[in-house]
Amino acid sequence: MADPIIIAVPKGRILGEALPLLARAGIVPEAAFADEDSRALRFATSDPDIALIRVRAFDVATFVAHGAAQLGIVGSDVLMEFDYSELYAPVDLGIGRCRISVAEPAAMAAQDDPRGWSHVRVATKYPHLTKAHFAARGVQAECVKLNGAMELAPLLGLAPRIVDLVSSGRTLKENGLVEVEVIAEVTSRLIVNRAAFKTQAGVVPLVDAFRKAVA
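Residues numbered from 1 in each chain as written. Predicted model: local features only at pLDDT ≥ 70, side-chain atom pairs only at ≥ 80, totals over all residues. Heavy atoms only, no water.

Draft legend 1. Quick peek at the sheet that holds strand β5 (residues 87–92). An order of β2-β3-β1-β4-β11-β5 is seen for the six strands of this open sheet, with the pairing classed as mixed. The strands lining the two open edges of the sheet, one partner per strand, are β2 (42–44) and β5. Recorded for the sheet is a direction-independent mean angle of 30 degrees between the axes of neighbouring strands. Sheet topology places strand β4 (residues 71–75) next to strand β11 (residues 188–193); five bridges connect them, and they run antiparallel. When the sheet's bridge partners are listed, I73 is paired in β11 with L190. (Pairing = 2+ DSSP bridges. Helix = DSSP H or I, 4+ residues; strand = E, 2+ residues; numbered from the N terminus. Axes fitted to C-alpha atoms, helices over the stretch in contact; angles between N-to-C directions.)

As structure tokens, then:
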């Protein structure tokens, strides 16, 4: 029996939005998959030829790029940050909608004009994307790499501004920050390992199933 096709799905907010989409594509995972408290990482589905793994969002692209998973669901922010030549991103799934924004303390924003920046120091988990964005505007960006708790950086003097994902903006508001610039709109994409797309039976029909599920 051939090994099952592995689909990597991110933990967290996107997981809940991905479940109906998976179902429309004909993939129903075992009940534990939706349980955020479950310590399991690999899950069977209604199709014995398809299994799911649940990993951190940034790791989805790594698993698929290196062929450990054949397909994955990942935000376009990850694809903008890491230029994986091994990946196709053939379907915009239309879930996980948010944006990558620059934010700063409200008191600073009241006297600030992003159009006048020549140098910025920001805390972010997107240093490549951030530097590229500001370089295109002729602004030098000094990035402090953080993987979480970004909102603490201005509060504790690590960096006066942050670049991070924003959905409702509630977390920013609760920490006294406001958006001053949107870098990019973000949605989740279906990604596919290029080699698997060309050589592994069952991958192309799955891509078609996701495309129909979105439509």
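Picking up where we left off.
Draft legend 2. Representation of the sheet that holds strand β8 (residues 140–145) in the model. Reading across the sheet, the five strands line up as β8-β7-β9-β6-β10 and stay open at both edges, with mixed pairing between neighbours. A single partner strand is all that each edge strand has here, and the edge strands are β8 and β10 (177–186). Strand-to-strand, the axes of this sheet are offset by a mean angle of 30 degrees, without reference to chain direction. Contacting β6 (98–105), β7 (119–124), β8, β9 (161–166) and β10, helix α5 (residues 127–136) runs over the sheet at an angle of about 165 degrees to β8. (Contact = heavy atoms within 4.5 Å.)

Draft legend 3. View of the nonpolar core. Core analysis: the largest hydrophobic core is formed by 28 residues, its most contacted members being I7, V9, I27, L71, L93, L206 and F210. Looking at this core, the elements with two or more residues in it are β1 (5–10), α1 (13–24), β3 (50–55), β4, β11 and α9 (203–214). No other element matches the six residues that α9 contributes to this core. (Core = buried A, V, L, I, M, F, W, Y, C linked by side-chain atoms within 4.5 Å. Buried < 20%, exposed > 50% of the residue type's maximum accessible area, 1.4 Å probe, protein only.)

Draft legend 4. Representation of the pairing of β7 in the model. As defined by bridge partners, β7 adjoins β8 across six bridges and the pair is classed as parallel. In the strand pairing of β8, V120 is matched with A141. Note that the unit made of β7, α5 and β8 has a crossover that is right-handed. (Right-handed = clockwise from strand over helix to strand, strands pointing away.)

Draft legend 5. Fine view of the layout of surface pockets. The space that makes up the largest pocket amounts to roughly 920 Å³. Taken together, 36 residues line the largest pocket, and the ones lying closest to its centre are A57, K125, Y126, D164 and L165. Counting residues per element, the ones that place at least two in the lining of the largest pocket are α1, α2 (57–65), α3 (76–81), β6, β9 and α7 (170–174). A total of four residues in the lining of the largest pocket trace back to one element, the largest contributor, which is β9. (1 Å grid on protein atoms, 1.4 Å probe; cavity = no way out; pocket = protein on both sides within 12 Å on 5 of 7 lines; lining within 4 Å. Points joined across faces, edges and corners; volume = space filled by probe spheres on them.)

Draft legend 6. The environment of G148, seen in detail. On the secondary structure map, G148 appears in the loop between β8 and α6 (152–155). In sequence terms G148 and A123 are 25 residues apart; their C-alpha atoms lie 9.8 Å from each other.

Draft legend 7. The environment of A184, seen in detail. The topology assignment puts A184 in strand β10. Separated by 91 residues in the primary sequence, A184 and L93 place their C-alpha atoms 17 Å from one another. Among residues more than four places away in sequence, those in contact with A184 are M80, R99 and I100.

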